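Per-entry structural report
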Amino acid sequence: MKAPKVAATLFFAFVTLLAAPTAASAQEATSAPVAAVDDISVNSSICGTGRVESIATNLPIRSTPNTTGGLITTAQKGYQYDCDITVTGGWVTACGVYSNLWVRINFSSQDGFTYAACLDDV
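Residues numbered from 1 in each chain as written. Predicted model: local features only at pLDDT ≥ 70, side-chain atom pairs only at ≥ 80, totals over all residues. Heavy atoms only, no water.

1. Considerations on the state of the cysteines
A complete count under the given rule lists 2 disulfides for this structure. One disulfide bridge connects Cys95 with Cys118, the sulfur atoms lying 2.1 Å from each other. With the S-S dihedral at roughly 120 degrees, the linkage between Cys95 and Cys118 falls on the right-handed side. Separated by 23 residues along the polypeptide, Cys95 in the loop between β4 (80–94) and β5 (97–107) and Cys118 in the loop between β6 (110–115) and β7 (119–121) bring together distant segments of the chain. The pair formed by Cys95 and Cys118 is uniform in burial state, with each residue classed as buried. Sequence-ordered numbering of the bonded cysteines in the chain yields a pairing of 1-2, 3-4. (Disulfide = S-S within 2.5 Å. Helix = DSSP H or I, 4+ residues; strand = E, 2+ residues; numbered from the N terminus. Buried < 20%, exposed > 50% of the residue type's maximum accessible area, 1.4 Å probe, protein only.)

2. A closer look at the confidence of the model for the chain
Residues at a pLDDT of 70 or more form 64% of the chain, whose mean pLDDT is 76. Every residue in residues 1–23 is under pLDDT 50, and counting partners more than four places away or in other chains gives 8 contacts. Low pLDDT, under 50, characterises residues 29–43; the predicted model gives this stretch 22 contacts beyond four residues in sequence or across chains. (pLDDT = per-residue confidence, 0-100. Contact = heavy atoms within 4.5 Å.)

3. Here's the deal with the pattern of salt bridges
The final tally for this structure, using the stated rule, is 2 salt bridges. Among the ionic pairs, Arg51 bridges to Asp82, the shortest N-O distance being 2.9 Å. Taken as a pair, Arg51 in strand β1 (residues 51–54) and Asp82 in strand β4 lie far apart in primary sequence, 31 residues in all. Where Asp84 meets Arg104, a salt bridge forms, and the shortest distance between an N and an O atom there is 2.7 Å. Residue Asp84 is located in strand β4, and its partner Arg104 is located in strand β5; the two are separated by 20 residues in the primary sequence. Arg104 gets classed as partly exposed once you look at its relative accessible area, which sits at 25%. (Salt bridge = Lys/Arg side-chain N within 4 Å of Asp/Glu carboxyl O.)

4. Brief notes about the side chain of Thr114
Note on placement: Thr114 falls in strand β6. Polar contacts involving the side chain of Thr114 include one to the main-chain carbonyl oxygen of Pro60, which spans 2.7 Å. When neighbours within four sequence positions are excluded, Thr114 is seen to be in contact with Leu59, Pro60, Ile61, Leu101, Trp102, Val103 and Leu119. (Polar contact = N/O pair within 3.5 Å; in protein donor to acceptor, adjacent residues only side chain to side chain.)

5. What about the pairing of β1?
Only one face of β1 is covered, namely the one carrying Val52 and Ser54; the face carrying Arg51 and Glu53 has none of its residues buried. The sheet contact formed by β1 and β4 spans 3 bridges and is antiparallel. Its bridge partner lying in β4, Val52 is registered against Tyr81. Note that β1 and β7 share 3 bridges and pair antiparallel. When the bridges of β7 are listed, Glu53 appears paired with Asp120. (Pairing = 2+ DSSP bridges.)

6. Quick look at empty space enclosed by the protein
A full pass over the atoms with the stated rule returns 1 cavity of 30 Å³ or more. Taken as a whole, the largest cavity encloses approximately 30 Å³ of empty space. In this structure, the largest cavity is lined by Val92, Ala94, Val97, Ser99, Leu101, Tyr115, Ala116 and Ala117. Where the lining of the largest cavity is concerned, the elements lending two or more residues are β4 and β5. For the lining of the largest cavity, the element with the most residues is β5, which contributes 3 residues. The residue makeup of the lining of the largest cavity, split by class, is 7 nonpolar, 1 polar and no charged. (1 Å grid on protein atoms, 1.4 Å probe; cavity = no way out; pocket = protein on both sides within 12 Å on 5 of 7 lines; lining within 4 Å. Points joined across faces, edges and corners; volume = space filled by probe spheres on them. Nonpolar A, V, L, I, M, F, W, Y, C, P; charged D, E, K, R; others polar.)

The following block contains the structure:
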């Protein structure tokens with residue numbers, strides 16, 4: 001009878017994560033939480049218009065879709081970029097969401113990757 005208790009605990013952890021403050025923070029996770037949350041809480045159609053806007057301050061733009069990718073620059077809230085694809089990469093907690101969805105953006109004739117959870121279509 002321990003399975004229902006574990007399931008209830010995981011559900012509570014998921015609800016707690018979703019109920020966390022929604023301040024747009026682009027802080028990178030240093031360790032994974034106990035249970036991984038699927039990408040259901042992230043709009044997977046980000047970049048559907050071909051242009052996105054940062055909803056976070058100091059949003060890292062990296063050379064690869066992972067927190068170990070070289071830091072190219074940081075975006076500020078309201079900055080807009082052209083984008084072409086959404087990809088899966090390293091897991092990160094950003095803008096109140098734990099996800100592995102990243103968006104490839106283009107700026108100054110170079111590509112970079114940043115967290116889909118911290119972007120809105122324009």
